[in-house]
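Inside the fold
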Amino acid sequence: MMPLSMLGFLMLMPLLCADADSTCTDDLILNPSEVIVEYGGEVIVNCTNPEDNHDGIYWTNGTTDVEKEEYMAFVTLTVTPSDWDARAQCKLMQNGNVHCTKDLEITVYKNPDGIDMFPIKHEEATVEGMQYQLQCDISEVAPVQNLTVRWYKDNEIIMRDSFTNTTKLPVSESSILTVNISRKDNGAEFRCEAQLDFGPFGPKLPTFLATHRVAVRYAPVFTKDIPEVHFVEEDSNVTLDCEAKGHPLPHFQWTHDGVNMTEYTDKLIIARVNTNTNYTCIAANNLGKITKTIHVNVMRYPTTTPAAARNMPEESPLEDCPLTLTPAELVVRFGDPASANCTTSATNALGMGWETAFGGTGFEKPPIVTWAVEELTYWHFEAYCYVTLQAQCNVSLAVTLYKTPNTVSVSEFRPGPMEEGKEHQLKCDIISVAPVQNLTVKWYRGNESVMTERFNDTTVTPVNVSSTLRVTPKRDYNGIHFSCSAELHLGPNGPEPVPTVTSEPYIADVRYKPLIHDCPTQYTGVEHNFSLNMLPCKVDGNPPPDVNWLSQGKRINVSQSLTRGQSGHYIMEAVNTLGKSNTFVAITIEYKPSFACEDSYKVKENDDSAGCEPKGKPLPTVTWYKDGEIISQQPWTKRDSGKYVLQAKNKHGTANHTLSLNVLFAPQFKRANESKEVTLGQNVTVDCSAEGNPGPVIQWNYTHAVNVRETTGGRQATIVITGATSTNAGVYICVATNEVGSVSRYVTLAMKGKTAGFPWIVILVVCLFIILTISVIIIYLHWKKHGQYSFVPDKVMDGSEIPMTTKSDGVKA
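Residues numbered from 1 in each chain as written. Predicted model: local features only at pLDDT ≥ 70, side-chain atom pairs only at ≥ 80, totals over all residues. Heavy atoms only, no water.

Attention now goes to the overall build of the protein chain. When its secondary structure is counted, the protein chain shows three helices and 61 strands. Residues classed as buried in the protein chain amount to 42% of the 813 residues present. Partitioning the intrachain contacts of the protein chain with sequence separation of at least 6 by distance along the chain shows that 65% fall at a separation of at least 24. Element-wise, carbon and sulfur atoms account for 50% of the exposed surface of the protein chain, whose accessible area totals about 43,000 Å². (Helix = DSSP H or I, 4+ residues; strand = E, 2+ residues; numbered from the N terminus. Buried < 20%, exposed > 50% of the residue type's maximum accessible area, 1.4 Å probe, protein only. Contact = heavy atoms within 4.5 Å. Areas by Shrake-Rupley, 256 points an atom, 1.4 Å probe, with all protein chains shown as cover.)

The structure is reproduced here in structure tokens:
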């Protein structure tokens, strides 16, 4: 055996799966599952893992790894035959180990080199009655267990032969046919046909045939029924016939009352017969002889019979001849028995009888005479009944001899498959049928009659005829059965039912380009539960087309589940040798809800969003729960801080998420603006506190003095004035700030006893306040650029409102 090369394979037979575990059948799929290739051919086999859950797929041919793909769900193996006993194995790797294997048992096939047939004893001729053996030799064929030999005699199958040898190497085999030979087989053609048969789904391989025509030697036999008595009129001429056949051809000898004559043919002509005489015909060859004695009976008319009567025509008009035939017409199958009665109504008949080549009678007494034969085998058969009155008249028997065909078969004029839309011709061959003028050929497509043809040939002997059907195939015709039937319509006296022979069906192989149907233009699938091979698209084509799915020009594995990021337009493309078809499908991948949010969020008061939105398609609905109760999401207030459970739901599922919500709000003073009147030397305390989220920073803005001290504790800032003086009078501004915003509160200190009579002091304070306000604004703008806030007082020293400036993010300062 030759070694198997890296791609060394010859032919793929049924694929055997050797599972490494109980799920191996599902883990690996081989496509095609069965391939048959002639020696030296090439095929492609895919090994696929539908789940794409592997570390690698590869082929091995024993010890050699052929091909390995670590990141694909399928691998393609090209198989080139080079070994009579090759094997291959597809392996699936998981976690670094072989998880599953599937074996291919590869068998080589080879058509015969030749075929020959001959008689075993090598005799040129054989004798009737002996056993005759023919041998058919088929040389160098493999695998021989798939070889079928069919034997035919004149197109009629008589034997089938098969073989049990399981060797995979090419061998030579012989088939022997044994028959009991008879004279009917002389000139018969025997044929043996050899063909590799791989079943209905295998390739249709050619048939090899050999023929042999046999010559049978047999003793002579008469070919027609010779009557023992021949009636003739006195002084008339007569012809005696003893036609016979044999192999070798017989020679003839006539005797006259036992005396040899000089006649050596099968016909004897005697002139002016006037005496009753016996003539004997002898037919002989080297295998035997036969004899037949014919008595010639001379009929003499009475002397009173007018000469005109003696000279009447031999046949009188039918209406004047008192004879009745029962039946008047015979329809007989070739080789079957036949009979008819002849009755006369005449009371003065001298005698009557049947004149015919087979089964003729002598001159018998009226009123009835019967003609009968066990086998009617003479195609040019004529029979008539005669009656002798003062003259002789006769009536012919209408005989139709018929033969049903040996075979009826359908074949194609041009070898090869049909092609859609192109005319194709089928031929129906009817072998050896008679009479052809009674033949009707009917063509069927499935059970539907599509054509009828009749013939007008008047030949009565068996002939071979053909009928042609022109077909313009459609793709629907692929696999349909075409057949023809030969019917012999033999009239009202013919057999019922009508003799019919029907051909074996011809199965149409119609080639047509691919057609894609039932494919939607849009389709919605669910993530991880949808792959392209789940689409209801159907592809029809012959040869079976290759189908690919493309996305953005790249081939897609149809068994791989699609994810949400793979929504888009896909192209389905089907290609065979006759053309290409494609279609587009817009695929939307839906998926159940999910959250990708933080566990905690900060929101500003009066905002209506928490910043946590689920993903999902279709867009999920969201329900908020707090302390187990459903709440309606609305602009948040400072009381809404806490833990929440968010539930997102769509038709594909539900997702929950827990988050902590922290509602931020701007500072708020606990006390309003105020004015205080103090006396000189009085100790004064001014405090300021505010709440907010996050907790605000408190800051006082005022005119510093040596007797003023500021203290801060928690969210409260306090100004303590010891021994108040006139310089301590003025506006004290408390500013509370957090990341949400800032607010100001004003406290105005006035000295008792001081009036408006001191305008310069007031003017000075106002100027100082204006300068302070401008400074605060500048500082605020500077802090704003750094994500901080600056503050200005709500009122000037005289208590009037001042304009508010607005941050770029919409928060008032």
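Quick look at the pattern of salt bridges now. Per the stated rule, a full pass over the model turns up 22 salt bridges. In this structure, R333 and D336 form a salt bridge, with 3.2 Å as the shortest nitrogen-oxygen distance. Since its relative accessible area comes to 24%, D336 is described here as partly exposed. In this structure, K427 engages D429 in a salt bridge whose closest nitrogen and oxygen atoms are separated by 3.8 Å. Taken together, the shared-partner salt bridges in this structure form one network comprising R671, E674, D687 and R745. (Salt bridge = Lys/Arg side-chain N within 4 Å of Asp/Glu carboxyl O.)

This next bit is on the sheet that holds strand β44 (residues 538-542). Strand-to-strand pairing in sheets goes through backbone hydrogen bonds, with the strands running parallel or antiparallel. One open sheet holds the three strands; their spatial order is β34-β42-β44, and the pairing between them is mixed. This sheet does not close on itself; its edge strands, each paired only once, are β34 (418-419) and β44. In this structure, β34 lies alongside strand β42 (residues 510-517), joined through two bridges in parallel fashion. Bridge assignment links M418 to a residue of β42, and that residue is V510. (Pairing = 2+ DSSP bridges.)

Its place among the elements puts R445 in strand β36 (residues 439-445). A distance of 3.4 Å separates a polar atom in the side chain of R445 from a polar atom in the side chain of Y477. (Polar contact = N/O pair within 3.5 Å; in protein donor to acceptor, adjacent residues only side chain to side chain.)

In total, this model carries 11 aromatic pairs according to the counting rule given. Between the aromatic rings of W636 and Y644, the centroid separation amounts to 5.9 Å while the plane-to-plane angle is 65°, which identifies the pairing as edge-to-face. Under the relative-accessibility criterion, Y644 is labelled buried at 1%. For K638, the ring lying beneath its charged end belongs to F665, and the centroid distance is 5.1 Å. (Phe/Tyr/Trp six-rings, centres within 6.5 Å; stacked < 30°, edge-to-face > 60°. Lys NZ or Arg CZ within 6 Å of the ring centre and 35° of its normal.)

Attention now goes to the pairing of strand β7 (residues 97-105). Consecutive side chains of a regular strand alternate in pointing toward one face of the sheet and then the other. Of the pairings in the sheet, the one linking strand β6 (residues 87-94) to β7 comprises eight bridges and is antiparallel in character. Across the sheet, residue R87 finds its bridge partner in β7, namely E105. Hairpin connection from β6 to β7: two residues lie between these consecutive antiparallel strands, with N95 at a positive phi of about 55°.

Here we take up the sheet that holds strand β29 (residues 368-373). The three strands are arranged β25-β27-β29 in an open sheet whose pairing can be described as antiparallel. Because the sheet does not close on itself, it has two edges, and the strands there are β25 (323-326) and β29. Sheet twist, expressed as the mean angle between neighbouring strand axes with direction ignored, is 20°. Relative to β29, strand β27 (residues 338-344) is paired through six bridges, and the arrangement is antiparallel. Looking at the pairing, T343 lines up with I368 of β29. (Axes fitted to C-alpha atoms, helices over the stretch in contact; angles between N-to-C directions.)

Let's shift gears to the state of the cysteines. One pass over the full model with this rule turns up nine disulfides. Here C519 is linked by a disulfide to C537, with a sulfur-sulfur distance of 1.9 Å. Its S-S torsion of about 60° marks the bond between C519 and C537 as right-handed, since a negative value means left-handed. In this pair, C519 is assigned in the loop between β42 and β43 (522-526) and C537 in the loop between β43 and β44, connecting sequence segments 18 residues apart. For C519, a relative accessible area of 17% corresponds to the buried category. Accessibility expressed as a relative area gives 15% for C537, which makes it buried. (Disulfide = S-S within 2.5 Å.)

Moving on: the confidence of the model for the protein chain. Taken residue by residue, the protein chain gives an average pLDDT of 81. The fraction at 70 or more is 84%. Contacts for the low-pLDDT stretch residues 301-318, under 50 throughout, to residues beyond four places or in other chains number 18 contacts. Confidence over residues 784-813 falls short of pLDDT 50; this stretch has 82 contacts with residues more than four positions distant or in other chains. (pLDDT = per-residue confidence, 0-100.)

In this section: the nonpolar core. L323, C342, W354, W371, C385, V387 and L397 are the most contacted members of the largest nonpolar core, which has 29 residues in total. The set of elements that each furnish at least two residues to this core consists of β25, β26 (329-333), β27, β28 (351-356), β29, β30 (383-388) and β31 (392-396). Among all residues touching W371, those that are not within four sequence positions of it are L330, A338, S339, A340, W354, T356, F358, G359, G360, F381 and L397. (Core = buried A, V, L, I, M, F, W, Y, C linked by side-chain atoms within 4.5 Å.)

Looking at the secondary structure, you find C242 in the loop between β18 (236-241) and β19 (244-247). Not counting residues within four places of it along the chain, the set of residues in contact with C242 comprises F222, I226, F252, W254, D266 and C281.

Before going further, it helps to examine unusual backbone geometry. Cis geometry is adopted by the peptide bond preceding P367, which originates at P366 and carries an omega value of 15°. Here P367 lies in the loop between β28 and β29. Residue A434 is joined to P435 through a cis peptide bond whose omega torsion reads -15°. If you trace the backbone, P435 turns up in the loop between β35 (424-433) and β36. Despite not being glycine, D518 shows a phi value in the positive range, around 60°. Structurally, D518 can be placed in the loop between β42 and β43.

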